[in-house]
Structures are given as structure tokens and as C-alpha cells.
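A look at the structure
Now for the letters of each chain:
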Amino acid sequence: MKKILTIIFLSFLIGSNLIGQQQTLLTNFVLHRYMYNPAFAGTNTGMEFNANYRNQWTGFTGAPKTIAVSGYGTFKKKPNMAVGGMVYSDKTGLVQRTNFYGSYSYHVKLNKKYSLGFGLALGGVQYNVKVYDAIPFDKDDEFLKNDILNANAFDANSGLYFYSKKFFFGLSSAQMVNGKIHWFEKEGRLSPHFYVMTGFNQILDKKKKEWMLQPTFLARFNNPSPYMMELGLRGLYKEMYWLGFSGRVWKNFDKKWKSASACVLVGATISKQFTLAYSYDYALTALNQYSSGSHEIILTYTKLGKKRKTASEKVMDADESEFNNIDNSMKSNLKNKKKEEEPKND
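Along each chain, numbering runs from 1 in the same order as the chain's sequence is written. At least 70 in pLDDT is required for a residue's local features to be given in this predicted model, at least 80 for side-chain atom pairs to be given and counted, and no such filter applies to totals for whole chains, interfaces and linings, which use all residues. Neither water nor hydrogens contribute to the side-chain values; these are computed over all heavy atoms in the structure.

1. Describing the overall build of the protein chain
- The numbering of helices and of strands both runs from the N terminus, where a helix is a DSSP run of H or I of at least 4 residues and a strand a run of E of at least 2. Helix and strand counts for the protein chain come out as three helices and 17 strands.
- Exposed residues in this analysis have more than 50% of their type's maximum accessible area, buried residues have under 20%, and partly exposed residues fall in between, with area computed by a 1.4 Å probe over protein chains only. Looking at the 346 residues of the protein chain, the share that counts as buried comes to 42%.
- Sequence-distant contacts in the protein chain: of pairs separated by 6 or more residues, those separated by 24 or more amount to 53%.
- The protein chains shown are the only cover counted for residues, whose accessible areas, like all others here, come from Shrake-Rupley with a 1.4 Å probe. As presented, the protein chain carries roughly 20300 Å² of accessible surface, and 60% of it is formed by carbon and sulfur atoms. Contacts are assigned to residue pairs with any non-hydrogen atoms lying within 4.5 Å of each other.

Here it is in C-alpha cells:
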């Protein structure tokens, strides 16, 4: 019995989802770019905090549930640097996996339009198996006297993020150190994951600039598990309200691409600082016979900092200020001279 349970638990450790991905699956990845790539922190000066809940495959017994919180902020005197942290927990059946990280990112302005960010996140992964929830065949097995089993591993993520106001492209790696997981007399490892993400903003009305389309793309790689790609399109109004759709496909072990799910995304900025978004996934596989879909909701708080001017911008401002002072002085002198030349009434 002990050997059977060990095999079952190790299979959960090796792949937490049915397609073998160890990392959390999130539909609103545009709002979760920091969780996929630590270099995203600091793309805007100020602070941002996210709280997320995902209920995957509703109605399916033991289906994954995810809770995640994250936040980051830039330094006041060095706005090109940012620090942050994230904690997220996945529960699938008897197994609960918790990830926690602290991150640092550094951004370089390449020219007037484009910047490049570098990010690194260090942390760990903890697995908990609730044995007391198991339904055993042999109730007298000594192994079942354990209540909760634990396994831990060191972890690290890294990323590059190239961006402008209208375009972004990111490369990132998760679980890149291939951390060891000691489980009974067995040893497992965290499998490295790689992500490629990109997207751009297309203004539809050039005069008012109120309507915008945002195509996005995300690819996940985790050898030897199947590849997964996600294509999305959002329509935004004043960058405050949006409606979008996305499709997820994956490449099976038979080398054929298959549809995984179709998704709907809606969101709104309910104030200048709070954003609420929701997504619904409908499975395009045999899972739709047992599940009514997946739900995901995210709440974001953003507090933008003041844009710090570069040295060249400060020089330009100083020159402009000096020019304005000279101009105002000339106007004042001309005005006084005009008054002196006006004939006085006796």
C-alpha cells in the first residue's frame, strides 16, 4: 500500500495538471505578466498589487484551485529598479503546492521609445499531501497514520522584458535550477519551464484615441510535456473597459496540435487605482462532459509614481525655463516702456 501511495504522490509532484505542467495555469496572463516574468516589475514607476482566484474545471472532483497574491514597487530615487514578491498556492486533490518568491528587476532605456528589463526571483516550493483525506483500500496500513506529508525545494525564476508604450516581448524561465524534491526514499526534481509572450496595442480612432485592439500571444515549453500556446484579442475603450477572447491549443505526444479551451475575458477599471477582471474557460476536450468550465477573477491596485526625468530632459527643461524667464522679462520691459511713453493727462 505504501509503495502504491508513493507512486501516486510522486506522479502529482512530477505533473500537477493533466498535461504535465507543474506551473500554475492562468488565463488573464496579460494582467499576470509579473507572475510569468519577474522582469515585468518596474515597467511603470510606482506600485502594483494583485489578488487572484482560479477555480479550474468546476464540478470535477479534486480539480485544481489557485489563490495568488503578488506585488512590486520601484525605488523613489532609482525608478529603473524594482523589488517585489509573490505567493501562490495550487490545490489539486490531496496535494497542495505553495510557491513563494522575492524578486529584483533592473530596467535600461534603449532609446526614446524602447526599454529593456532584467529580472530575477528567488524562493521555494512546498508540497503538502493531506493523507487523512485519502480513501484507502487497506485502512490498517501503517502509512495512513501520517496526517500531512511535506516536501520542499529551492527555486529560481528569471526573465527579460523588451517593451514600449505600444509593444511588449518577454522571455522567461521558471524552475530554472531544477530543484530537488526529497520524497520518502525517492528524489524528484522541479522541471524547468520556459515562456515566450508578446503583444501590441493598435489604436482604432486616431483622433480621440479611445478605442484600441490588443492582440497577445503566450507560449509555454516544458520538456517532455506537450507544448502549449495561447492566442488572445482584447478590445479596450479608454483603456478602462475591455472585452476579449482567447484560445488555447497544445501539442500532444503524437506531435499533433489539439484545441484545449476557448476563453472569454472582461474587465473594468472601477477607479483610477482599482481594476477588476474576470475570465471564463470552456474546455474543448473530453473534460467538458464532466466540467462546466473554469473561472478566474483578479483584483489589481495600482499607484503610479511620478515619472522621473532623465538628465537630458532636465537640461531641456532648464533651457526652456531660462528662455521663458528672458521672454517674460522682455515683455515686462516693453510694457513698462510703453507706459512711460504714453502722454500724461494734465
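2. Describing a positive patch on the surface
- A cluster of basic side chains, namely K113, K166, K206 and K209, defines a positive patch on the protein surface.
- Mapping K113 onto the fold places it in the loop between β4 (95–109) and β5 (115–130).
- Look at K113 and you get exposed, because its relative accessible area is 63%. Residues forming no salt bridge and having over 30% relative accessible area are the ones grouped into patches, like charges within 9 Å of each other and nonpolar side chains (Val, Leu, Ile, Met, Phe, Trp, Tyr) within 5 Å. Salt bridge, as used here, is a side-chain nitrogen of Lys or Arg placed within 4 Å of a carboxyl oxygen of Asp or Glu. For the purpose of charge, His is not counted, nor are the chain termini; Lys and Arg are scored as positive and Asp and Glu as negative. Where a charge sits is defined by one atom per residue type, namely NZ (Lys), CZ (Arg), CG (Asp) or CD (Glu).

3. Examining the nonpolar core
- For this analysis, a nonpolar core means a set of buried residues of the types Ala, Val, Leu, Ile, Met, Phe, Trp, Tyr and Cys, connected via side-chain atoms within 4.5 Å. Core analysis: the largest hydrophobic core is formed by 32 residues, its most contacted members being Y36, Y127, Y161 and M197.
- Broken down by secondary-structure element, the contributors of at least two residues to this core are α2 (33–36), β2 (65–74), β3 (81–92), β4, β5, β6 (148–163), β7 (167–174) and β10 (193–200).
- Among the elements that make up this core, the one with the highest residue count is β6 (five residues).
- Residues contacting Y36, with those up to four places away along its chain left out, are T24, L25, L26, F29, S172, Y195, M197, L218 and R220.

4. Observations concerning unusual backbone geometry
- In this structure, W57 is a non-glycine residue whose phi angle is positive, near 55°.
- Within the secondary structure, W57 sits in the loop between β1 (46–55) and β2.
- With a phi angle near 55°, N178 is a residue other than glycine that sits in the positive phi range.
- Here N178 is to be found in the loop between β7 and β8 (180–183).
- According to the relative accessible area criterion, N178 is partly exposed, its value standing at 27%.

5. Topic: the pattern of salt bridges
- Counted according to the given criterion, the structure contains five salt bridges.
- For E230, the salt bridge identified is with R220, shortest N-O distance 3.4 Å. Of the two residues, E230 sits in strand β13 (residues 227–237) while R220 sits in strand β12 (residues 211–221), which places them 10 residues apart along the sequence. We note that E230, like R220, is buried.
- Ionic pairing is found between D281 and R248, a salt bridge with its closest N-O pair at 3.3 Å. Placement of the pair is D281 in strand β16 (residues 274–283) and R248 in strand β14 (residues 241–251), with a sequence separation of 33 residues. For the pair formed by D281 and R248, the shared burial category is buried.

Read these as spatial facts, not as claims about activity.
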